[in-house]
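Observations on the model geometry
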Amino acid sequence: THDQKTNNALVHQQDREFVFHSWSVQGALNPLVIQSGQGCVLWDYDGKEYLDFSSQLVNTNIGHQHPKVVAAIKAQADELTTIAPSTANHMRNQAAQRIVALAPAGFSKVFFTNAGADANENAIRMARLYTGRDKVLSSYRSYHGNTGAAIVATGDARRVPNEYARGHVHFFSPYLYRSEFWAADEAQECARALHHLRRVIESEGPDGIAAILLESVPGTAGIMVPPPGYMQGVRALCDEFGIIMIMDEVMSGFGRTGKWFALEHYDVVPDLITFAKGVNSGYVPAGGVIISTALSDYFNDKMFPGGLTYSGHPLAMASIVATIDAMKEEGMVEHAAQMGELLGAGLRALADKHALIGEVRGMGVFWALELVANRASRAKLPAAAMNTIKAACMARGLLPFIADNRIHVVPPCNVSAEEVARALAIYDDVLAKVAVEYTE
Ligand code: PLP
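Residue numbering note: each chain is counted from 1, following its sequence as written. Local features are withheld for residues below a pLDDT of 70 in this predicted model, meaning they are given only at 70 or higher, and side-chain atom pairs are given and counted only at 80 or more; totals for whole chains, interfaces and linings count all residues.

1. Quick notes on the overall build of the chain
For the chain, the count of helices and strands is 13 helices and 16 strands. Two things to know: the radius of gyration comes from C-alpha atoms, and the globule rule equals 2.2 Å times the number of residues to the power 0.38. In terms of overall dimensions, the chain is globule-like: its C-alpha atoms have a radius of gyration of 22 Å, near the 22 Å expected for 440 residues. Dimensions along the principal axes, computed over C-alpha positions, put the chain at roughly 60 × 60 × 45 Å. Note that contacts rest on C-beta atoms placed from the backbone: two residues are in contact if these are within 7 Å. Considering only contacts in the chain between residues 6 or more positions apart, those separated by 24 or more positions represent 74%. In DSSP terms, a helix is any run of H or I states spanning at least four residues, a strand is any run of E spanning at least two, and both are numbered starting from the N terminus.

2. Let's talk about the domain arrangement of the chain
Here the chain is partitioned into domain 1 (8-65 + 331-438) and domain 2 (67-329). Spacing between the C-alpha centres of domain 1 and domain 2 amounts to 25 Å. If you look at the interface, domain 1 gives 28 residues, while domain 2 gives 27 residues. Broken down by secondary-structure element, the contributors of at least two residues to the side of domain 1 that touches domain 2 are helix H2 (55-58), helix H11 (332-353), strand E11 (357-363), strand E12 (366-374) and strand E16 (406-409). Think of it as three bins: nonpolar holds Ala, Val, Leu, Ile, Met, Phe, Trp, Tyr, Cys and Pro, charged holds Asp, Glu, Lys and Arg, and polar takes everything else, Gly as well. Partitioned by chemical class, the residues of the side of domain 1 that touches domain 2 number 13 nonpolar, ten polar and five charged. Throughout, the edges of the domains are those of an automatic or database domain assignment.

3. Some thoughts on the site of the ligand
Nearness here is judged by the C-beta atom: place it from the backbone, and if it falls within 6 Å of a molecule or strand, the residue counts as near that partner. Close to the ligand lie 16 residues; Ala115, Gly116, Ala117, Gly145 and Val250 are nearest. Take the shell around the ligand: its biggest share by element is three residues, from helix H5 (residues 116-131). Its residues assigned to classes, the shell around the ligand comprises seven nonpolar, seven polar and two charged.

4. So, the packing of H11 against helix H13 (residues 417-438)
As a rule, the C-alpha atoms of each element are fitted with a line to give its axis, helices using only the stretch in contact, and angles between N-to-C directions run from 0 to 180 degrees. Running from N to C, H11 and H13 cross one another at 15°; their axes reach a closest spacing of 10 Å. One finds that H11 runs roughly parallel with respect to H13. Taken as a pair, H11 and H13 cross one another with a handedness that is right-handed. Counting all contacts with H11, which are made through Met339, Leu342, Leu343, Gly346 and Leu350, the residues of H13 involved are Ala417, Val420, Leu424, Tyr427, Asp428 and Leu431. Class assignment for the residues of the contact of H11 with H13 results in nine nonpolar, one polar and one charged. Working definition: roughly parallel below 35 degrees, roughly antiparallel above 145 degrees, roughly perpendicular at 65 to 115 degrees, and oblique for all remaining angles. Whether a crossing is left-handed or right-handed is set by the direction in which the near helix is turned from the far one by less than a right angle, anticlockwise for left-handed and clockwise for right-handed.

Structure follows, in structure tokens:
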């Protein structure tokens, strides 16, 4: 696939000349140059190969260039590339039907958006309209997207320069390894985090709270699988105070945790589910809100004041249908669960060997290695060491996902056992090299 007309240096130079990038000081950028991909593998314009254990922004759940999905997009392009959202279209119906069928009982309709941020934006809007209340509670350890309400619902530091939306309140969700609650075990962390949430609700005034928005497994914040009972506890608080529970499955959905939705791990049914990323692996930008019957019925005789030019875009819809069908036909969700066994065992074996690894956590193809300079103090491995780790992985042909002091091990759902073994060997080698320099 090597393109003779261009090369890494030229693509890099033109990028720096013309392209303005996300979340960056523009002058300090050094973007990775990529031309093409297949499955878990990517190539640059000079022919260098990378094993993609980032799934980009944790969205290519079916890997790159899945032939069935590429073919479906081409076929839809031949039939109808775009149509207004107010029309009815077979492919949109098929996509909505498939998504509703994967959701728990009690969900009946899908509102399609362009991505995850506007999915959360519209879920928040639905909750506010339905309850007649204003406030939205979400975790400090969260990312919900980069639009008006979604970025202010986000708990992480990206919220702070963007706080233009009102009515947002944050709380601490469970994170035993760095507990805010002096908890010694998961049961304590769970009970105290729920007590804290109850106190926040009471202190904010339950009658003014429209929604609690939570990632089913907080992803970007560090892949913190909640302790048993936490999500049930949040559901119970929502029921007690008449609050809408929104579960953000943008990153955790569509196979990432070894289930179609991560909420299946908890036996909890929210009122609204938001999705994007894995629904079509990002082949065409798409997201949406899965709406429970109570909320969708509410809008049967009331105006829903929201919409998007590309809501239910035909190319996105065709890619969703083909992605879900391919995932079913190829047993990708079950495969992700199996790879989770391999990854979990492999990463724990690395932790036995490397003192740099403070904690291993995750499920399916959704794991984090929390790296520390000192296991006793749990001091985070410094940014310089993380940069060294990233460069060393890349030099060995592995594209890692680095966030703060963590490596997120997040390959596509259809990663092979051989690719898992190859990646584990690279992490092993890289951690051994870095340990020499950075262990206290
Ligand atoms: N919600 C979660 C949990 C996410 O991880 C993300 C993106 O990383 C979003 C929402 C925002 O999605 P998008 O970038 O497609 O708007």
